[in-house]
Amino acid sequence: VVVKLEPEPGVLSRIPTKLARQELLLPLRDTGEHVEVATCLPFHGAGIDRAAFACGKPVKFFLATPTDLDEAIHRAYINETDHQSHRLNSIILKDNNSKDSEEVNTSATEKLASSLLNKAITMRSSDLHLQPYVKGSEVRFRIDGVLQRIALLPDGVGDRIIRYFKAHSDGMEPTVTNVPQDGRMSLTIEHRQIDLRISVLPAVGGESLVIRFLEQGKVYSLSKIGLSLKSLQIIRGMLSNSSGIILMTGPTGSGKSSTLYS
């Protein structure tokens, strides 16, 4: 049964924020005998069991599309984001024009930007995406060609992060927000030199940021990029031909450039 994704007051406490986002579950109402919960995975046994355990009573499930459910969960739990996000929001968006306040704001923004970059590189991400979302911003990493949501930032925090990257990138103007901009910067993490290709685009609700990670000095080898022995033999056989062309295709982050360099 498809149902409106509008939780009754007080029912959100039945399922913790982390569980709701992990399993895509949204409590809608408590009838007394059972709790009505929206899901897009009605046959996912682990999620159903965890929901029933959290609610402490029988659960009746209603079907929703993944996109609608994801947005509804974010809207519903927006006031229950984790403590770190609230603390960061209060620091960065503090309405104070003093010099000390500006220094604190800059420091908090720099720490968050640095943390996102370190986490993205540690998780072997090919790129980082930050874009406006419901009452805030969404951070996603592309890992093995698949975009994965990593964090939801409170309103205003994403704008400061984007402005920080524009201010520290070559070829970008921090105060310009109505035209696309491209820039670059570099950083060193654990003796690894990483080039960052940065793109910022105007979007509905703010600006959208994409950072592409390119490791410098990396040694590429066909035998070390995960090809099967059969595929490796086929490619080496093709490379021995005196003419012809090899067409390399695939989605962003799937390994086209790494394969070509190898």
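Placed above this text is the structure.
Residues numbered from 1 in each chain as written. Predicted model: local features only at pLDDT ≥ 70, side-chain atom pairs only at ≥ 80, totals over all residues. Heavy atoms only, no water.

## Thoughts on the layout of surface pockets
Step number 1: The computed volume of the largest pocket comes to approximately 1000 Å³.
Step number 2: Contributing to the lining of the largest pocket are 33 residues, with Ser-126, Lys-218, Tyr-220, Gly-255 and Ser-258 lying nearest its centre.
Step number 3: The set of elements that each furnish at least two residues to the lining of the largest pocket consists of strand S5 (136-143), strand S8 (192-203), strand S9 (206-215) and helix H8 (256-261).
Step number 4: Tallying contributions element by element places H8 first for the lining of the largest pocket, with five residues.
Step number 5: Broken down by class, the residue content of the lining of the largest pocket amounts to 11 nonpolar, 12 polar and 10 charged. (1 Å grid on protein atoms, 1.4 Å probe; cavity = no way out; pocket = protein on both sides within 12 Å on 5 of 7 lines; lining within 4 Å. Points joined across faces, edges and corners; volume = space filled by probe spheres on them. Helix = DSSP H or I, 4+ residues; strand = E, 2+ residues; numbered from the N terminus. Nonpolar A, V, L, I, M, F, W, Y, C, P; charged D, E, K, R; others polar.)

## Comments concerning the nonpolar core
Step number 1: Among the nonpolar cores identified, the biggest contains 28 residues, and Phe-165, Leu-196, Ile-198, Ile-211 and Phe-213 are the most heavily contacted of them.
Step number 2: Those elements giving two or more residues to this core turn out to be helix H5 (99-122), strand S4 (127-133), S5, helix H6 (157-167), strand S7 (181-189), S8 and S9.
Step number 3: With six residues, the single largest contributor to this core is H5.
Step number 4: Contacts of Phe-213, omitting those with residues within four sequence positions, involve Leu-117, Ala-120, Ile-121, Ser-125, Ser-126, Asp-127, Leu-128, Ile-194, Asp-195 and Leu-196.
Step number 5: Judged by nonpolar contacts, the second largest core, of 20 residues, contains Ile-15, Leu-19, Ala-20 and Cys-55. (Core = buried A, V, L, I, M, F, W, Y, C linked by side-chain atoms within 4.5 Å. Buried < 20%, exposed > 50% of the residue type's maximum accessible area, 1.4 Å probe, protein only. Contact = heavy atoms within 4.5 Å.)

## Remarks on the pairing of strand S1 (residues 25-30)
Step number 1: Where S1 meets strand S2 (residues 35-39), five bridges bridge the pair, whose relative direction is antiparallel. Residue Leu-25 lies in a different strand from S2, and its bridge partner there is Thr-39. (Pairing = 2+ DSSP bridges.)

## Description of the packing of aromatic side chains
Step number 1: Scanning all chains against the criterion turns up one aromatic pair.
Step number 2: Judged by centre distance (5.7 Å) and plane angle (70°), the rings of Tyr-164 and Phe-165 are edge-to-face.
Step number 3: Residue placement shows Arg-149 over the ring face of Tyr-133; its charged tip is 4.8 Å from the ring centre. (Phe/Tyr/Trp six-rings, centres within 6.5 Å; stacked < 30°, edge-to-face > 60°. Lys NZ or Arg CZ within 6 Å of the ring centre and 35° of its normal.)

## Some points on the sheet that holds strand S3 (residues 59-63)
Step number 1: The strand order across the open sheet built from three strands is S1-S2-S3, with neighbouring strands paired in mixed fashion. Among the strands making up the open sheet, the edge pair consists of S1 and S3. Neighbour-to-neighbour, the strand axes of this sheet turn through a mean angle of 30°, independent of strand direction.
Step number 2: Where S2 and S3 come together, five bridges link them in parallel fashion. (Axes fitted to C-alpha atoms, helices over the stretch in contact; angles between N-to-C directions.)

## Remarks on the side chain of Ser-126
Step number 1: Mapped onto the elements of the fold, Ser-126 is located in the loop between H5 and S4.
Step number 2: A residue is classified by how much of its surface remains accessible, and Ser-126, at 15% relative accessible area, is buried.
Step number 3: Looking at Ser-126, its side chain comes within polar contact range of the side chain of Asp-127, at 2.7 Å. (Polar contact = N/O pair within 3.5 Å; in protein donor to acceptor, adjacent residues only side chain to side chain.)

## Some words on the environment of Lys-111
Step number 1: Residue placement: Lys-111 occurs in helix H5.
Step number 2: The exposure class of Lys-111 is exposed, given its relative accessible area of 61%.
Step number 3: For the pair formed by Lys-111 and Ile-161, sequence separation is 50 residues and the distance between their alpha carbons is 9.9 Å.

## Looking at the sheet that holds S5
Step number 1: Spatial strand order, S6-S5-S4-S9-S8-S7: six strands in an open sheet with antiparallel pairing. If you trace the sheet from one side to the other, it starts and ends with strand S6 (146-154) and S7, each paired once. Looking at each pair of strands side by side, their axes are set apart by 20° on average, direction ignored.
Step number 2: For S4 and S9, the ladder comprises four bridges, and the chain directions are antiparallel. Across the sheet, residue Leu-128 finds its bridge partner in S9, namely Ile-211.

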